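# Structural overview
Below are the chains, spelled out letter by letter.
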Amino acid sequence: MVCKMTGGMCESMPYPIVVDSGASASVMPAAWCRHPKVHETDVSRNGVYYTAANGQKIYNTGERHVTMMTQESHERNMRFQVCDVERPLGSVSEFCRGGHSVVFNPPHDTGGSYIERQERCEQMHLEANDGVY
């Protein structure tokens, strides 16, 4: 996946987005995909913090709207909450609220794993690496 910048130029992402069924919001590190500016978080998220698996609080410092190009050449827009995290996480619950289905299958399953945009039946293939998609 690549971030699309103004003027159609693209920036390779330093590492893939991890699809996370336990994340309440899609989050990204502040230093990742920096061309879109950080916007003030909407009122409903002011003062919000997330809780990491180890119980640590992770504070929301704003949000970034990113346009990306998938391996299948589909443009996708995502809203990420900017936080002090190591890797970007894509929230399954946000994908579903946005009209997508997320399907996880074992790596050997010929149907594969994917995120499907329901209104267009477009699928974005997911790869399993080290036990995460």
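Right above here is the structure, for reference.
Thresholds, definitions, all that
Residues numbered from 1 in each chain as written. Predicted model: local features only at pLDDT ≥ 70, side-chain atom pairs only at ≥ 80, totals over all residues. Heavy atoms only, no water. Salt bridge = Lys/Arg side-chain N within 4 Å of Asp/Glu carboxyl O. Helix = DSSP H or I, 4+ residues; strand = E, 2+ residues; numbered from the N terminus. Buried < 20%, exposed > 50% of the residue type's maximum accessible area, 1.4 Å probe, protein only.

We now examine the pattern of salt bridges. A complete count under the given rule lists seven salt bridges for this structure. One salt bridge connects Arg76 with Glu122, and the closest N-O pair in it is separated by 2.8 Å. Residue Arg76 is found in strand β7 (residues 75-83), and its partner Glu122 is found in strand β11 (residues 122-126); the two are separated by 46 residues along the sequence. Assigned by exposure class, Arg76 and Glu122 land together as buried. Between Glu122 and Arg117 there is a salt bridge, and its shortest N-O distance comes to 3.9 Å. In this structure Glu122 comes out as buried when scored by relative accessible area, which is 16%. On the basis of relative accessible area, Arg117 is assigned to the buried category, the value being 18%. Each member of the salt-bridge network shares a partner with another, and the members are Arg76, Arg117, Glu119, Arg120 and Glu122.

Below, the discussion takes up unusual backbone geometry. The residue Cys121 is not glycine, and still its phi comes out positive at about 55°. Within the secondary structure layout, Cys121 lies in the loop between β10 (113-117) and β11. Phi is positive for Asp130, close to 50°, though the residue is something other than glycine. One can find Asp130 in the segment after β11. Given the relative accessible area of 83%, Asp130 is considered exposed.

Honestly, that's just the spatial picture; any functional story needs more than this.
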